[in-house]
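Descriptive analysis of the structure
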Amino acid sequence: MVNQDVVREDAKLTPDTFASLLAWLDDGVESNGEGYLEVRRRLASYFDRRNRPAADDLADKTLTRVAITLAQDGAIATRPPARYCFAVAKYVLLEDLRRDRRLVPFDESRATESTSIATHGAAAAERDAREHRLDCLDHCLQNLKAEQRELIVEYYAESRQVKIQRRRELAVRLGISMNALAIRAWRIREGLMACVRQCGDRR
Amino acid sequence: MDPHQPLLRDTPLDDQQLVRYLLGLLPPHEADRFDEASVVDDAVAARLRGVEDDLVDAYVRGTLAIDLRERFESHYLASPRRRERVAFAAAFARAVDERPRPAALPSWRPRWMPALLPVLAIAAALLLVASAGLLFESVRLGRGLSLAESDRAALDQRARDLERQNADLRTANADIAQQLARARTPVAAAAQDVKAIALVLLPQTRSVGAVPVLDLPAAPADRVSFELRLEANEFNRYQVGLRDPTSNAVVWRSDWVGAKTSAEGASVRVAVPRPLLKPQHYTLDLAGRSASDTAHVVGSYAFEVTRR
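Procedures and definitions
Residues numbered from 1 in each chain as written. Chains lettered and ligands numbered in written order. Predicted model: local features only at pLDDT ≥ 70, side-chain atom pairs only at ≥ 80, totals over all residues. Heavy atoms only, no water. Helix = DSSP H or I, 4+ residues; strand = E, 2+ residues; numbered from the N terminus. Contact = heavy atoms within 4.5 Å. Areas by Shrake-Rupley, 256 points an atom, 1.4 Å probe, with all protein chains shown as cover. Buried < 20%, exposed > 50% of the residue type's maximum accessible area, 1.4 Å probe, protein only. Pairing = 2+ DSSP bridges. Axes fitted to C-alpha atoms, helices over the stretch in contact; angles between N-to-C directions. Disulfide = S-S within 2.5 Å. Buried area = accessible area lost by both parts, 1.4 Å probe. Salt bridge = Lys/Arg side-chain N within 4 Å of Asp/Glu carboxyl O. Polar contact = N/O pair within 3.5 Å; in protein donor to acceptor, adjacent residues only side chain to side chain. Nonpolar A, V, L, I, M, F, W, Y, C, P; charged D, E, K, R; others polar. Phe/Tyr/Trp six-rings, centres within 6.5 Å; stacked < 30°, edge-to-face > 60°.

Glancing now at the overall build of chain A. Within chain A, the regular secondary structure consists of nine helices and zero strands. Listed by position from the N terminus, the elements making up chain A come as α-α-α-α-α-α-α-α-α. A separation threshold of at least 6 residues defines the contact pool for chain A, and within that pool the share at least 24 residues apart is 63%. As displayed, chain A has an accessible area near 11400 Å², and 52% of this comes from carbon and sulfur atoms.

See below:
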């Protein structure tokens, strides 16, 4: 499967190398880049659960190495592609852990949190940020299609009924499986989160 | 090994196990298997995402059991990326919980829309008055122009309809006024006496259930009273802390008080300052103090505040 050959210095991806990576990750089923985004998301979450501060960077580094191996070797036999990506990710994690022993990362957001407890002004700023986040969310929700809004309100709202039962009824009403419903709801939610983040950045 | 077989095929996968994985509670060799499955196995990846969102939502709504909540705070919140998810979930849960369910209201209303409702109601009333005026004018002119009898009858009928609608509106207004008066009474009483309970809360279980809702009128009351039912009355004195799950700060604490016993069992009654309660989720953390003066965590009670 994966050996030390994949653990080499990072190089820049060329458009051709990247296109080959997208096609290989699609594994024969054209996804318009969705396959790449999905694997990248999963890798970033994996690094994050391993408490790596730069989880997105590590996911990118992993996929860059996979792409370079693919370009150099012409093919990677391991299936599904995500299995090979995970094997490379483990090496990337080990490297990062080794580096971590030398450098202690500074968690800026935590430092800000401690300060905010001490200063009244920062607490007010946090309240403002919360209000702004809500305004952004309102704006992003209004940009959704009506049926998408209805779906997430029904799917995620606090319920007087048992949650599973309510979701099952929703899936029946929409004529889709519970899994398909969960994926649909999650995609809308992730889209909203990205929208709120962008809105916050524009502030 | 068939590379397409699920990685966790020998493991009965349930949501509790995924929660334990997300909170770092699995032994290392099991966590490693989940790590791989979370990247390689489509079904596990999808389910994990759903469980994670539900876990975060339960945290921001204050419905996590106390041990899970503590673990969530010490482990899950250690990552800035996950804290961002929690901050988003706090806003998101508030937004979706404020929305009427789709069956009741098919179209989306922005958050500021409820504030406009009184204005819209006044506008509707003015339109009604204007319509009645126009109708009267039409009838007067109609007489002068010798309108056909049938037309006048139709207008009379419309006038009667409007009159009936006016009467209905007057009745509805009277009902609302009565409801407001009723709603104000217990809250006002709570300012002086905790006997008038605004919300009775039962001990929380491990399951993530529905949260009791306290629908507060916009009345200028000083305090809102709560009755926290006890599973067992094991302590001499109790103290209640009001926790805001979005900041995880305890924003108010009661004095140490004794439990009261009634036919329903033992309970602790406290009155929380009204200005502290905003439309969002809260938990009431209950601590008990024994005769030896040692304080213990008894449990937590989640509730949600909405505003009429």
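This next bit is on unusual backbone geometry. All names here are of chain A. Between Arg79 and the following residue, Pro80, the backbone shows a cis peptide bond with an omega angle of -10 degrees. Among the structural elements, Pro80 can be located in the loop between α3 (55–73) and α4 (81–102). Positive phi outside glycine occurs at Asp27, with the angle close to 55 degrees. Mapped onto the fold, Asp27 is located in the loop between α1 (15–26) and α2 (34–49). What makes Asp27 partly exposed here is its relative accessible area of 32%.

Next up on the list: the sheet that holds strand β5 (residues 249–253) of chain B. All names here are of chain B. With respect to topology, five strands assemble into an open sheet ordered β2-β9-β8-β4-β5, the strand pairing being mixed. The two strands at the open ends of the sheet, each matched to only one other strand, are β2 (213–216) and β5. Strand-to-strand twist across the sheet, computed as the mean angle between neighbouring axes with direction ignored, equals 35 degrees. Direction of pairing for strand β8 (residues 281–289) relative to strand β9 (residues 295–307): antiparallel, over a ladder of nine bridges. When the sheet's bridge partners are listed, Gly288 is paired in β9 with His296. Against the sheet, helix α4 (residues 66–74) touches β4 (237–244), β8 and β9, its axis set at about 85 degrees to β9.

Here we take up the state of the cysteines. Residue and element names in this part refer to chain A. Under the counting rule described, the total for this entry stands at two disulfides over all chains. The disulfide that involves Cys136 links it to Cys199, with 2.0 Å between the sulfurs. Because the torsion about its S-S bond is -70 degrees, the bridge between Cys136 and Cys199 counts as left-handed. Placement of the pair is Cys136 in helix α6 (residues 120–142) and Cys199 in helix α9 (residues 178–201), with a sequence separation of 63 residues.

With 57 residues of chain B at the contact, the number on the chain A side is 52 residues. Summed over both sides, the interface between chain B and chain A buries roughly 5200 Å², with carbon and sulfur atoms accounting for 51% of that surface. The interface formed by chain B and chain A contains 14 salt bridges. Notably, a salt bridge pairs Asp54(B) with Arg167(A), separated by 3.1 Å at the nearest N-O pair. Our count for the chain B to chain A interface comes out at 16 residue pairs in polar contact (both at pLDDT 80 or more). Breaking the side of chain B that touches chain A down by element, the ones donating at least two residues are α1 (15–22), α2 (28–40), α3 (42–60) and α5 (80–98) of chain B. The element best represented in the side of chain B that touches chain A is α5(B), accounting for 15 residues. Split into classes, the residues belonging to the side of chain B that touches chain A amount to 28 nonpolar, eight polar and 21 charged.

In a structure, side chains of opposite charge can pair up when their charged atoms sit close to one another. Following the criterion strictly, the structure yields 32 salt bridges over all chains and no others. Salt-bridge contacts for Asp56(A) lead to Arg40(A); the nearest nitrogen and oxygen are separated by 3.3 Å. One end of the pair, Asp56(A), is in helix α3; the other, Arg40(A), is in helix α2, and 16 residues separate them in sequence. The shortest N-O distance in the salt bridge between Glu36(B) and Arg83(A) comes to 3.6 Å. Of this pair, Glu36(B) sits in helix α2 while Arg83(A) sits in helix α4, on two different chains. The exposure class assigned to Glu36(B) is partly exposed, which follows from its relative accessible area of 21%. Taking the relative accessible area as the measure of exposure, Arg83(A) reaches 8% and is therefore buried. Ionic contacts of the salt-bridge type, sharing partners, join the residues Glu34(A), Glu38(A), Arg41(A), Arg42(A), Asp42(B) and Arg49(B) into one network.

On to the packing of aromatic side chains. One pass over the full model with this rule turns up 13 aromatic pairs over all chains. Between the aromatic rings of Tyr155(A) and Tyr156(A), the centroid separation amounts to 4.8 Å while the plane-to-plane angle is 75 degrees, which identifies the pairing as edge-to-face. Across the pair, Tyr156(A) and Tyr155(A) agree in class, each one buried. Their ring planes at 20 degrees and their centres at 4.3 Å tell us that Tyr59(B) and Phe72(B) sit as a pair that is stacked. With a gap of 13 residues between them, Tyr59(B) in helix α3 and Phe72(B) in helix α4 connect regions that are remote in the sequence.

Treat this as a map of the structure, not an account of what it does.
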